[in-house]
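As a plain string of letters, each chain reads:
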Amino acid sequence: MKKSEDGLWYKCSACGEISYHKVVIENYYTCPKCKSNFRIGSKEWIEILAEPNTFEEHFSEIKSDDPLGFKDTVKYPKRLKEIEKKTSLSEAVKCGTCYIGPFKAGLGVMDFSFMGGSMGSAVGERITLLIEKCIREGMPLIMVCASGGARMQESIFSLMQMVKTSASLKLLSDARIPYISVLTHPTTGGVSASFAFLGDVIIAEPNALIGFAGPRVIEQTIRQKLPDGFQRSEFLLEKGQIDMIVERRNIKDTLVKILKILYKKT
Ligand SMILES: [Zn+2]
């Protein structure tokens, strides 16, 4: 998907159709012609899932540190500052509470535009604090995932976030509070190997790339050609790794239906 400079027109990278922005928004940021999903961030997801004006952000004060003094072409803190400025986001996940239909819920949404939605210590900490809030207040948890995996600039500290988020989700499960994860394109690496796949119900968007290592790495390692559609939502549904594929426009209604079954308190 490409947006024109004035933001009024979108060009679909799958079919080439050019659409007026209002039409794209009415279609939940999908191509009106071929139904391809355009990449969206936390702002758009919150508009789609939360009841109007009910989202309250929490834990935005939690920011990444630079425990390793990491530098590639630029120093990590400088990179973070540049991305913050470019994206107007403070990290790769936005966490808060909102109403989804009649249910008050914890909602965490990842932003792929912030360092590829990578999970560093701030992302892990925000999600963990959100899970703990859900346990304290008896609220269901919804996570919308989009990630390239762990954040390499924080190395082992990023990997520890997999354990931390998984351990707190076990406490949420012990408290018998439902957790639904929504996997969007792409959900890979350490995020798919932790909280993304720990949902009581796992929903995926159509044709999303979901997996741990990328297909090229796997092909090179096992020296075999991978089957068509490998690591796409439809393939994963067939193999039983996710519970359902839901079009973006129906995700909110689906969440409400599931919560009505799994969670009685309204
Ligand atoms: Zn299209």
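Here is what the cut-offs are and how they apply
- Residues numbered from 1 in each chain as written.
- Predicted model: local features only at pLDDT ≥ 70, side-chain atom pairs only at ≥ 80, totals over all residues.
- Helix = DSSP H or I, 4+ residues; strand = E, 2+ residues; numbered from the N terminus.
- Rg over C-alpha atoms; globule rule 2.2 N^0.38 Å.
- Buried ≥ 20, exposed ≤ 12 C-beta atoms within 10 Å, placed from the backbone.
- Contact = placed C-beta atoms within 7 Å.
- Axes fitted to C-alpha atoms, helices over the stretch in contact; angles between N-to-C directions.
- Parallel < 35°, antiparallel > 145°, perpendicular 65-115°, else oblique.
- Nonpolar A, V, L, I, M, F, W, Y, C, P; charged D, E, K, R; others polar.
- Pairing = 2+ DSSP bridges.
- Core = buried A, V, L, I, M, F, W, Y, C linked by C-beta atoms within 7 Å.
- Domains from an automatic or database assignment.

J.: What is the right way to look at the overall build of the protein chain in this model?
T.: Across its full length, the protein chain carries 9 helices and 10 strands. Relative to the 2.2 N^0.38 estimate, which gives 18 Å for 266 residues, the radius of gyration of the protein chain is 18 Å and therefore close to what a compact globule would have. With respect to the principal axes defined by its C-alpha atoms, the protein chain has extents near 50 × 45 × 45 Å. The burial tally for the protein chain puts 41% of its 266 residues in the buried class. Here the contacts in the protein chain between residues at least 6 apart in sequence split such that 66% fall between residues at least 24 apart.

J.: I'm lost on the packing of helix 4 (residues 121-137) against helix 5 (residues 155-174) in this one. Help?
T.: Each pair of packed helices can be described by the angle between their axes along with the distance between the axes. Two elements in contact, helix 4 and helix 5, have axes separated by 9 Å at closest approach and are oriented at 5°. Classed by the angle they form, the pair helix 4 and helix 5 counts as roughly parallel. In this structure, helix 4 contributes S121, V123, G124, I127, T128, I131, E132, C134 and I135 to the contact, and helix 5 contributes F157, S158, Q161, K164, T165, S168, L169, L171 and L172. Split into classes, the residues belonging to the contact of helix 4 with helix 5 amount to 9 nonpolar, 7 polar and 2 charged.

J.: Sorry if this is basic, but what is going on with the sheet that holds strand 4 (residues 56-58) here?
T.: Pairing between sheet strands relies on hydrogen bonds along the backbone, with the strands arranged either parallel or antiparallel. The 7 strands are arranged 4-5-6-7-8-9-10 in an open sheet whose pairing can be described as mixed. Looking at strand neighbours, the two that pair on one side only are strand 4 and strand 10 (244-245), the edges of this open sheet. As paired elements, strand 6 (residues 103-110) and strand 7 (residues 141-147) share 4 bridges and run parallel to each other. In the strand pairing of strand 7, L107 is matched with I142.

J.: What am I meant to see in the pairing of strand 9 (residues 201-204) here?
T.: One face of the sheet, then the other: side chains in a regular strand alternate in exactly this way. Sheet topology places strand 8 (residues 179-187) next to strand 9; 4 bridges connect them, and they run parallel. Residue pairing across strands places S181 opposite I202, the latter belonging to strand 9. Here strand 9 runs beside strand 10; their pairing, made up of 2 bridges, is parallel. Bridge pairing links A204 to I245 in strand 10.

J.: Would you take a moment to explain the environment of P32 for this structure?
T.: Looking at the element boundaries, P32 is found in the loop between helix 1 (21-26) and helix 2 (42-49). On the basis of neighbour counts, which here come to 14 C-beta atoms within 10 Å, the residue P32 falls in the partly exposed class. Separated by 14 residues in sequence, P32 and I18 have C-alpha atoms that sit 9.4 Å apart. Discounting residues that sit within four places of it in the chain, P32 has contacts with S19, V23 and N27.

J.: Which parts of the structure should I look at to understand the nonpolar core?
T.: Across soluble globular proteins, nonpolar side chains show a tendency to be buried alongside one another. Grouped together as the largest cluster of nonpolar side chains are 58 residues, with contacts concentrated most on L141, I142, C145, V182 and L183. Residue assignment places this core across two domains, with domain 1 (1-38) and domain 2 (40-262) each supplying three or more. If we ignore the near neighbours within four places in the chain, the residues touching I142 are I100, A105, L107, I180, V182 and L255.

J.: What is the right way to read the sheet that holds strand 3 (residues 18-20) from this model?
T.: Spatially, the 3 strands line up as an open sheet ordered 1-2-3, and their pairing is antiparallel. Each having just a single partner strand, strand 1 (2-3) and strand 3 make up the two edges of the open sheet.

J.: Looking at this structure, I do not really get the domain arrangement of the protein chain. What am I missing?
T.: Accessible area lost during the coming together of the parts is what is often quoted as the interface size. Partitioning the protein chain into structural domains gives domain 1 (1-38) and domain 2 (40-262). With centres defined by C-alpha atoms, the gap from domain 1 to domain 2 works out at 24 Å. With 5 residues of domain 1 at the contact, the number on the domain 2 side is 7 residues. In terms of residue class, the side of domain 1 that touches domain 2 is built from 3 nonpolar, 2 polar and no charged.

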